Amino acid sequence: MTETIFDKILARQIPVQIVFEDKDVLAFNDISPQAKVHVLVIPKKKARNLTELQTWTAQDVGCFFQKVGLVAVHLGLDRSGYRTVLNTGADGGQSVDYVHAHILGGEPLSGNFA
Ligand code: AMP
């Protein structure tokens, strides 16, 4: 698999503002925030995108999504609400080929999509 900028972030070769980390995921501030809070959550186990999660066990997929929710709680967004987005492929607007969930919030968001 081609190395992406998120592989380099995980390897600490590129600095980011980390907001949460455990054995399964790394969460950091998006460099180009689209909301007051804009955090990216990546699994430490690599997959290119949501489609490729079909090769994972249901337990690993579930763990990733549970951790996305946990990060939102950690950010204090669970009461006010937040948006989660996973872009897939060119038409989906995915610019980094390493599966990641956007968490957007901290303010009322307009529209339905990021
Ligand atoms: P996507 O377009 O869904 O693939 O999202 C990729 C996201 O990664 C974009 O929102 C970018 O702003 C963000 N991004 C790219 N490079 C960095 C970086 N070095 N640090 C933090 N976020 C980044």
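The preceding data block contains the structure.
Residues numbered from 1 in each chain as written. Predicted model: local features only at pLDDT ≥ 70, side-chain atom pairs only at ≥ 80, totals over all residues. Heavy atoms only, no water.

Turning next to helix 2 (residues 58–74). The end-to-end C-alpha distance of helix 2, which contains 17 residues, comes to 24 Å, matching closely the 24 Å that a straight helix rising 1.5 Å per residue would cover. Regarding helix 2, the residues found buried are V61, F64, K67, V68, V71 and A72. Across the axial projection of helix 2, the buried residues extend over an arc of 145°, all falling on one side. Projecting away from the buried face of helix 2 at angles above 90 degrees are the exposed residues A58, Q59 and Q66. G76 occupies a position one or two residues after helix 2 and carries a positive phi of about 80°. (Helix = DSSP H or I, 4+ residues; strand = E, 2+ residues; numbered from the N terminus. Expected span 1.5 Å × (residues − 1). Buried < 20%, exposed > 50% of the residue type's maximum accessible area, 1.4 Å probe, protein only. Arc of directions from axis to C-beta.)

So, on to the sheet that holds strand 3 (residues 37–43). Read from one edge of the open sheet, 5 strands run 1-2-3-5-4, paired in antiparallel fashion. Each end of this open sheet is capped by a strand with a single partner; those strands are strand 1 (18–21) and strand 4 (82–85). Averaged over all pairs of adjacent strands, the angle between strand axes in this sheet comes to 20°, irrespective of strand direction. Bridge analysis of strand 3 against strand 5 (residues 101–105) gives 5 bridges, and the strand direction is antiparallel. Paired with L40 across the two strands is H102, which belongs to strand 5. Contacts from helix 2 reach strand 1, strand 2 (25–29), strand 3, strand 4 and strand 5 within the one sheet, and its direction differs from that of strand 3 by about 150°. (Pairing = 2+ DSSP bridges. Axes fitted to C-alpha atoms, helices over the stretch in contact; angles between N-to-C directions. Contact = heavy atoms within 4.5 Å.)

For the rest of this paragraph, the subject is the pairing of strand 5. Burial within strand 5 is extensive, with 5 of its 5 residues counted as buried. Alternating positions in strand 5 separate into two faces, A101, I103 and G105 on one and H102 and L104 on the other, with burial throughout. Here 4 bridges tie strand 4 to strand 5, and the two strands are oriented antiparallel to one another. Residue pairing across strands places R83 opposite L104, the latter belonging to strand 5.

The subject of this paragraph is the nonpolar core. Membership of the largest hydrophobic core comes to 17 residues, with the highest contact counts inside it found for V41, L53, F64, V71 and I103. When residues of this core are traced back to their parent elements, those giving at least two are strand 2, strand 3, helix 2 and strand 5. For this core, the element with the highest residue contribution is helix 2, accounting for 5 residues. Among residues more than four places away in sequence, those in contact with L53 are A47, V61, F64, F65 and V99. Judged by nonpolar contacts, the second largest core, of 8 residues, contains L26, F28, L40 and V96. (Core = buried A, V, L, I, M, F, W, Y, C linked by side-chain atoms within 4.5 Å.)

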